[in-house]
Amino acid sequence: MMDRKDFEILKELGFEDVGPDTMKNDYWKKRGADALAITTQARDIYGCLDHTRGEGLEIYDIEGTKYLDMTGGVAVRALGLRYRPFIDFEMKVADVVKELPGMDFDAIPQTLLAERILSLMPGPDKKRVTFTTSGGRAVEGCMKSAMDLSRKNRFIAFRPAFHGRTGYALAATASNSKHKSGYPQGVDVIRVSYPYCYRCPYGQNVEDCNIECVEALRYALQVEGNDIAATLMEPLCGEGGLIVPPAKAIRGMYEVTKDLGAYFISDEIQAGMGRTGKWCAIEHFDVEPDYVALAKALGGGYPLGASIGPAPMFTGPARHSETFSAEPKMSLIALWHIKHIEEGGYLQRNVKMGNYLLKRLTEVKEKHEVIGDVRGMGLMVGIELVKDPKTKEKAIEYRNKLVKNLVQKQKLWILGAGQNCIRFTPSYVITKEQIDDMAERLDRALSETEL
Ligand SMILES: Cc1ncc(COP(=O)(O)O)c(C=O)c1O
């Protein structure tokens, strides 16, 4: 629980009224609702998080309830909460000059970070990096560059797909009508179905299909025009329902893109930074993207994103920038994270732990037929809930009830994805014991929740 020193800090900031007697979830959720425009997740499910406490995968609400965190801060916390060596490093760099706009003037940290990121990227050499402060803007940096270099301004994107909630990124997004409806869309998108084999829109089986999804894209280009700047694709679809596409479909989409002379952008914001066992998840599919968008785990909790693309990326100076991007402290922290993910052997470990996570979830599936599908790669895994395994009717309400049970009764900090899926994107420090513990809690929640 928050203690005297934490309340002292708030007092110093002028908040005399915040003391031990206010440490109630309902109290702070009400204050939040009266002050904040919105939270993405339902306030009736989640407690108010304690910002002063937590370790690894253990996260607390302000009433002191401990949860096992399977979200990793939506894939942000690669090394878990309050990783001691990271805090020590943060202390060391606390005194650097932070207030240097990274993309406006040269400074050493951002250059070293750009070099380091480039050394990890798949695809043709001769790339450049532009930094940003969010995932959506990392995508937009790639999109703007692709438009600038190609002199075209239309994109291929997918349904479902999540690329962000602003401008061009929102135009490419299609995972939840609440994000989109009512907002004018910033660029023209030719949209086809994401390769979603569990619910193949073309009624095919992945083993013997002729990648009809790729054919659908070819047809869309014939009838809608093929003046395309780039294809924008998540190598694994995260927010839209944790979908793992087959390699032949990704390669097919890539080949169509290349036949057009267009660029291929891999949105690695959720799947990248080693989560699936490669720095970029697209590497699993033998595809060399022209652009990569990174964020989330790149900054280890700080708001940092990167757009990586073919040199010179922009046709002239001042074609694109962002004031707060890659300021020195964030750049040093990102370099620290890359080094520790690499030296800690987390890429290999994520594959091992991910396989174990899949195994345990598959065992739970065998006991509960409401789980229609278990899928994932490395530590990016999801389950899909269905009313009937034969008809595959989506169990939308059930998913919401299950998440509520998991959070409130089983004390598992967890998030849905798509309409009827639950995703598991834990920090890379997760142990086998924690996976076993999670599987038991999920098993209990499934037994307690009625369809
Ligand atoms: C694949 C993907 N792209 C883009 C974004 C947008 O990132 P941000 O919320 O930092 O703008 C997200 C966020 O969840 C994401 O998962």
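Definitions and cut-offs
- Residues numbered from 1 in each chain as written.
- Predicted model: local features only at pLDDT ≥ 70, side-chain atom pairs only at ≥ 80, totals over all residues.
- Helix = DSSP H or I, 4+ residues; strand = E, 2+ residues; numbered from the N terminus.
- Rg over C-alpha atoms; globule rule 2.2 N^0.38 Å.
- Contact = placed C-beta atoms within 7 Å.
- Domains from an automatic or database assignment.
- Nonpolar A, V, L, I, M, F, W, Y, C, P; charged D, E, K, R; others polar.
- Near = placed C-beta within 6 Å.
- Core = buried A, V, L, I, M, F, W, Y, C linked by C-beta atoms within 7 Å.
- Buried ≥ 20, exposed ≤ 12 C-beta atoms within 10 Å, placed from the backbone.
- Pairing = 2+ DSSP bridges.
- Axes fitted to C-alpha atoms, helices over the stretch in contact; angles between N-to-C directions.

**Re the overall build of the protein**
Counting its regular elements, the protein contains 14 helices and 14 strands. Since a compact globule built from 451 residues should have a radius of gyration of about 22 Å, the 22 Å found for the protein is in line with a globular shape. Principal axes of the C-alpha set define a box for the protein whose edges measure 65 × 60 × 45 Å. For the protein, restricting intrachain contacts to residue pairs at least 6 apart in sequence, the fraction spanning at least 24 positions comes to 73%.

**Concerning the domain arrangement of the protein**
Along its sequence, the protein is organised into domain 1 (4-83 + 346-448) and domain 2 (108-343). For domain 1 versus domain 2, the distance between C-alpha centres works out to 26 Å. Counting from both sides, the interface comprises 24 residues of domain 1 and, opposite them, 27 residues of domain 2. Every element with two or more residues in the side of domain 1 that touches domain 2 is listed here: helix 12 (346-367), strand 10 (371-377), strand 11 (380-385) and strand 14 (421-424). By residue class, the composition of the side of domain 1 that touches domain 2 is 13 nonpolar, five polar and six charged.

**What about the site of the ligand?**
Around the ligand, the surrounding shell holds 15 residues, and the nearest of these are Ser134, Gly135, Gly136, Ile269 and Gln270. With three residues, the top contributor of residues to the shell around the ligand is helix 6 (residues 135-150). The residue makeup of the shell around the ligand, split by class, is five nonpolar, seven polar and three charged.

**Side note on the nonpolar core**
Counting residues in hydrophobic clusters, the biggest one holds 126 residues, and the most contacted among them are Phe155 and Ala230. In terms of residues, this core owes the most to one element, helix 11 (residues 328-343), which gives six residues. Viewed by domain, this core spans two of them, domain 1 (4-83 + 346-448) and domain 2 (108-343), each represented by three or more residues. Each residue touching Ala230, except ones within four places of it in the same chain, is listed here: Met143, Ala146, Phe155, Ala262, Tyr263, Phe264, Ile265 and Tyr291.

**A word on the sheet that holds strand 13 (residues 415-417)**
An order of 10-11-14-13 is seen for the four strands of this open sheet, with the pairing classed as antiparallel. Pairing within the sheet leaves two strands with one partner each, and these edge strands are strand 10 and strand 13. Within the sheet, the average angular offset between the axes of one strand and its neighbour, ignoring direction, is 30°. Inspection of the sheet shows strand 10 paired to strand 11 by six bridges, in the antiparallel sense. Each bridged residue has a counterpart across the sheet, and for Ile371 the counterpart in strand 11 is Leu385. In the packing of helix 12 onto the sheet, contacts are made with strand 10, strand 11 and strand 14, and the angle to strand 10 comes to roughly 175°. The strands touched by helix 13 (residues 396-408) within the sheet are strand 11, strand 13 and strand 14, with strand 11 carrying the most contacts at an inclination of about 125°.

**Concerning the environment of Val386**
Among the secondary structure elements, Val386 is positioned in the loop between strand 11 and helix 13. Residues Val386 and Arg399 lie 13 residues apart in sequence; the distance between their C-alpha atoms is 8.9 Å. If we skip the residues at most four places from it in the chain, Val386 touches Val370, Gly372, Lys392, Glu393, Lys394 and Ala395.

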